[in-house]
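# Commentary on secondary and tertiary structure
As a plain string of letters, each chain reads:
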Amino acid sequence: MLKQIKLLTKLELCNIYNLNVLRFSKNSRRKKKDLSVMMLWLFLIVMLIFYVSNLSYGLLRLELGSLIPAYLITVASLLIFFFGIFKAGNTIFRKNGYDILCSLPINRTAIVVGRFLRLYVENLVIAFLIVMPGLFVYAWFLKPGAAFYILGALSILILPLVPITASILIGAVIMGISSRMKHKSLAAAGLSVLFVLLIMYGSSRLSIMEETITPEMLRELSSVIMGTLEKVYPPAVWLGRAVIAGSFMPCFICAGAFLAVFAAAAAIVSIFFHAISQSLCTTSARHNYELKTLKKSSVLSSLCKREFRRYFSSSIYVTNTIIGPILGCILSGALLFTGTDVITKSLPIPLDICTFAPFVFSGIFCMMTTTATSISMEGKNWWILKSLPLSPKSVLNAKILMNLLLMLPFYLISEVLLIPALKPETFFDGFFLCLIPAVIILFSCVYGIAVNLHFPVLNWENEITIVKQSISAILGGMGGVFLSAVCAVIIFLISQEYYALFKALICIFILGATALLHKRITAPDAWRRYEL
Amino acid sequence: MLTIDHLTKHYKGSNKGVTDICLEIEAGDIYAFIGHNGAGKTTTIKCVAGIHDFDSGKILIDGSSIRESPLLCKSRFAYIPDNPDLYEYLTGIQYLNFIADVFNVPARIREELIGRYGNEFEITSSLGDLISTYSHGMKQKLAIISALIHQPKLLILDEPFVGLDPKASVILKNIMREICDGGGAIFFSTHVLDVAERLCNKVAIIKDGSLIASGSMEEILKQGESLESIFMEVVKNA
């Protein structure tokens, strides 16, 4: 069995981050494109390392250096867990290659362990990138003993085990439940969103508990933060303390416990693996269709309906893009019930919430647009749109329209809740509260398509690689958030009497930029220009 | 109806592709395009269908260039690929309705044609099911119906008989003849040389991206016993 695990893990890891394709591809243009995507990733990694190093240096300057390992281990664990909820189920129970593996004389535990180890390696990279720079900064300034380095390396190696296990188990439960339902993808998407919202609610309850912080506690900031981290994820604090103290025994106990949890999860999942995978692969066909009257639709309407069906057929696509709009509605509702006073008091500088709320909500709504990956999601079906008499403009407009229609109900609910919650004083305050998010959402949808046209990936095997790991998913999501932040900073910097004027100018500028971008990307030669 | 004039297409960073392909497909032709695996059949067909751009040459459909007037050209032909990767998240009828909407087919005509071809290929009862539940052959049948739904004058088919059951193959051959009798034309690639010999009036043989023989089936067959023996001979000597 060990040999099987080794072989399957090798197979799983062979094309991790598309490296095998990059290695053997003879298409020099594609290689260049892949390399440029890798350079972008490298840039993002450098930014992350820079951010973590600065954060760690800041903690050192505040004489809170002892917090660094526990803090970074908690952050890395939470990130691995949250990203894992959307991804783990699909990675473990993916249909791709299931039939071939089942026909081979391979133990199902070996298949499960191979897929667990793939997730482990992928997340080890995240753990390394987040924790390593912090430990390096700590070591550089405080010159700890050899035990720090050994235990620091060990903590990086073991930290992904528990969050991965938790996300795999949640993923397995979601897949297990949805596999019994008719609309499997939609059920999986709904359950994933529900889990994330429950976790967010739980974490918000944790922060509410911290309202009891007293001035005395503030004087002992280190113990307050440790206390909070311990509530969020206790093993991170145990590990962090052991690394700082150079204590081997607690670290080894943690490592043993983490490994035991990981192995136990692999054993549990392998029991249900066959049943869940089979249920997911089984499709129901009734063979009882009788030809009815067919309705004719316009090309745009037909393309848009198809976009919606594509969207709701993929649980990972839905969960990744619907969280932002749902959060926007929940926050609007929370604002209506709690009032603006709570937020005003918690801000470090006095700000008029009504002025800045449109930018905050725009950022939340545009965290991830469907358009940013909608061309890539066509995958092997791209030939259909290419061979039909459809202009790039019709195809891309349908994708933009679908994204706008998807956001519309969330936007309306959010605005209906925000207006009574914020009680705008003037007509213009209310007007811009509605207009700014609408304009930024429109820009984000068009920008998402533009990014995906530049970084399309059509030869994928697993939707996760497109929705969660592609460069267009990351850059597409950043566009609206970045634009909202820039606009908020501009408004913050100007005098209050010019707020309305500048907001109007911002809207006109964004609408103009959107129109120009739309014209450029929907030109008749778009497919040729973007080599699609 | 279809003119391929000195078509050259090479994949960037690779020496694969096609060089200087010239073909003329006229109304009433059933034109077979044969060659070994990797010879360039699919590349040529994808260039004709407007899926791949090409380096040089011209592709004209009814006198219009696929490069300059892609929408006009695409509205005149139907294309079926060698591997029918259809929208698995749609039901068969949703897919057909989508294609009919794109080609602006009136509701009455689409009902009539889906009814006719659905019954002929014995797929009507499955049209309400998701395409993901279809076998390879059923997907191929659905792709064929979707190609016929807007009554194209030109059919471009890449290995159309792969995956079809014997009855469906016979029906497809009859439909191909019917289209040609009505003034249309068929251009298709195949590895089944018997079918090409019996069905087609013209044939072209491609090897390593270049045409090595083309012309009417009668002329080609004069060179040997059967299309199979001629193919082997020509490919060996080229």
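Below or above, wherever it landed, is the structure these notes cover. (Residues numbered from 1 in each chain as written. Chains lettered and ligands numbered in written order. Predicted model: local features only at pLDDT ≥ 70, side-chain atom pairs only at ≥ 80, totals over all residues. Heavy atoms only, no water.)

### What about the interface of chain B and chain A?
- Every contact between the two is made by 45 residues of chain B and, on the other side, 38 residues of chain A.
- Between chain B and chain A, a total of about 3700 Å² is buried, with carbon and sulfur atoms accounting for 61% of that surface.
- In terms of surface lost to chain A, no three residues of chain B exceed Y87(B), Y89(B) and D101(B), which account for 17% of the buried area on that side.
- Seen at the junction of chain B and chain A, the total is one salt bridge.
- Between D53(B) and R528(A) there is a salt bridge; the shortest N-O distance is 3.6 Å.
- If you look at where chain B meets chain A, you find 16 residue pairs in polar contact (both at pLDDT 80 or more).
- Of all the elements, helix α3 (residues 92–102) of chain B adds the most residues to the side of chain B that touches chain A, at eight residues.
- Classifying every residue of the side of chain B that touches chain A gives 22 nonpolar, 14 polar and nine charged. (Contact = heavy atoms within 4.5 Å. Buried area = accessible area lost by both parts, 1.4 Å probe. Salt bridge = Lys/Arg side-chain N within 4 Å of Asp/Glu carboxyl O. Polar contact = N/O pair within 3.5 Å; in protein donor to acceptor, adjacent residues only side chain to side chain. Helix = DSSP H or I, 4+ residues; strand = E, 2+ residues; numbered from the N terminus. Nonpolar A, V, L, I, M, F, W, Y, C, P; charged D, E, K, R; others polar.)

### What to know about the packing of helix α23 (residues 471–493) of chain A against helix α24 (residues 499–521) of chain A
Residues and elements named next belong to chain A.
- Interaxial distance between α23 and α24 falls to 10 Å at its minimum, and their mutual angle equals 150 degrees. As summarised for this structure, α23 and α24 are arranged roughly antiparallel, according to the angle between their axes. With respect to the hand of their crossing, α23 and α24 are arranged in right-handed fashion. Of the residues in α24, those touching α23 at L483, C487, I490 and I491 are Y499, F502, K503, I506 and I510.
- Of the residues belonging to the contact of α23 with α24, the class tally is eight nonpolar, no polar and one charged. (Axes fitted to C-alpha atoms, helices over the stretch in contact; angles between N-to-C directions. Parallel < 35°, antiparallel > 145°, perpendicular 65-115°, else oblique. Left-handed = near helix turned anticlockwise from the far one by under 90°.)

### Here we look at the sheet that holds strand β8 (residues 185–189) of chain B
Residues and elements named next belong to chain B.
- One open sheet holds the six strands; their spatial order is β6-β7-β8-β3-β9-β10, and the pairing between them is mixed. The outermost strands of the open sheet, each flanked by one partner alone, are β6 (77–80) and β10 (210–216). Shown here is a sheet whose adjacent strand axes are inclined to one another by a mean of 15 degrees, direction ignored.
- When strand β7 (residues 154–158) meets β8, the two strands line up parallel, connected through five bridges. Pairing of I156 across the sheet is with F187, part of β8.
- Of the strands in this sheet, β6 and β7 are in contact with helix α5 (residues 136–148), which crosses β6 at around 170 degrees. (Pairing = 2+ DSSP bridges.)

### Re the packing of aromatic side chains
- What the rule picks out here adds up to 27 aromatic pairs over all chains.
- Centroid distance Y87(B) to Y89(B): 5.5 Å. Interplanar angle 35 degrees. Geometry classified as tilted. Each of the two residues, Y87(B) as well as Y89(B), counts as buried.
- Ring geometry for F161(B) versus F188(B): centroids 6.0 Å apart, planes at 80 degrees, classification edge-to-face. Of this pair, F161(B) sits in the loop between β7 and α6 (166–181) while F188(B) sits in strand β8, and the two are 27 residues apart along the sequence.
- Three or more aromatic residues joined by ring pairs form one cluster here, namely F308(A), Y311(A), F312(A) and Y317(A).
- The side chain of R67(B) reaches across the aromatic face of F54(B), ending 4.3 Å from its centre.
- Here the basic side chain of K173(B) rests over the ring of F161(B), its NZ or CZ set 5.9 Å away from the ring centre. (Phe/Tyr/Trp six-rings, centres within 6.5 Å; stacked < 30°, edge-to-face > 60°. Buried < 20%, exposed > 50% of the residue type's maximum accessible area, 1.4 Å probe, protein only. Lys NZ or Arg CZ within 6 Å of the ring centre and 35° of its normal.)

### Observations concerning the pairing of β6(B)
All names here are of chain B.
- Burial along β6 is two-sided: F77 and Y79 and A78 and I80, pointing in opposite directions, are all buried.
- Pairing between β6 and β7: four bridges, direction parallel. Its bridge partner lying in β7, F77 is registered against L154.

### A word on the environment of A32(B)
Residue and element names in this part refer to chain B.
- The residue A32 is located in strand β3 (residues 30–35) in this model.
- Sequence spacing of A32 and A196 is 164 residues, and the spatial spacing of their C-alpha atoms is 5.9 Å.
- Excluding anything up to four places from it in sequence, A32 contacts F188, A196, C200, K202, V203 and A204.

From the geometry alone we can't say anything about function, so treat these as descriptive.
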